[in-house]
Amino acid sequence: QVQLVESGGGLVQPGGSLRLSCAASGRTFSTYDMGWFRQAPGKEREFVGTIDWKGRNINYAGSMKGRFTISRDNAKNTVYLQMNNLKPDDTAVYYCAAAPRRGVVPIRQSDYNYWGQGTQVTVSS
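Note that this is a predicted model, so its numbers are computed, not measured. (Residues numbered from 1 in each chain as written. Predicted model: local features only at pLDDT ≥ 70, side-chain atom pairs only at ≥ 80, totals over all residues. Heavy atoms only, no water.)

Caption draft 1: How the structure looks around the environment of Leu81. Note on placement: Leu81 falls in strand S8 (residues 78–83). Not counting chain neighbours up to four residues away, the residues in contact with Leu81 comprise Leu18, Arg19, Leu20, Trp36, Val48, Phe68, Thr69, Ile70 and Tyr94. (Helix = DSSP H or I, 4+ residues; strand = E, 2+ residues; numbered from the N terminus. Contact = heavy atoms within 4.5 Å.)

As structure tokens, this is what we get:
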């Protein structure tokens, strides 16, 4: 069992930055691939990016590349999402999720067994 708690969301102006954190409980965090998803009002939840259990293989959705950076610190049981040059379209609830290692890059929601409660990010002037 893995429990995930996101933090770091808030209101930011266009062009600004935020760093989201996702703290995981349990001693098995380092065995999970971790992902970030987001859900904007009235839209389906979408994939943001994922990082493998070692922190070496990182993949992003196309629209996030170059602006978002995912990292993890297994000693702290935490995964991060650094978001730069934020745009109003980035407004959404951001979720972290944990996927058991299966040897494939987990980009689908169904790949993930555990989810956090989400943190709101609002980009507005």
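Caption draft 2: Focus on the nonpolar core. Counting 34 residues, the largest nonpolar core has Leu4, Met34, Trp36, Leu81, Met83 and Tyr94 as the members making the most contacts within it. For this core, the secondary-structure elements that each account for two or more residues are strand S3 (18–24), strand S4 (32–39), strand S5 (46–51), strand S7 (68–73), S8, strand S9 (92–100) and strand S11 (119–123). Counting residues per element, this core draws most heavily on S9, which supplies six residues. Sequence-distant contacts of Tyr94, that is, excluding residues within four places in its chain, are made with Glu6, Leu20, Phe37, Arg38, Val48, Phe68, Leu81, Met83, Gly118, Thr119 and Val121. (Core = buried A, V, L, I, M, F, W, Y, C linked by side-chain atoms within 4.5 Å. Buried < 20%, exposed > 50% of the residue type's maximum accessible area, 1.4 Å probe, protein only.)

Caption draft 3: Summary view of the pattern of salt bridges. As enumerated under the stated definition, the model contains four salt bridges in all. Across the pair Arg67 and Asp90 runs a salt bridge, and its minimum N-O distance is 2.7 Å. Of the two residues, Arg67 is situated in the loop between strand S6 (58–60) and S7 and Asp90 in the loop between S8 and S9; the sequence distance between them amounts to 23 residues. Judged by relative accessible area, Arg67 falls into the buried class, the value being 11%. Within this structure, Arg38, Glu46, Arg67 and Asp90 form a network of salt bridges that share partners. (Salt bridge = Lys/Arg side-chain N within 4 Å of Asp/Glu carboxyl O.)

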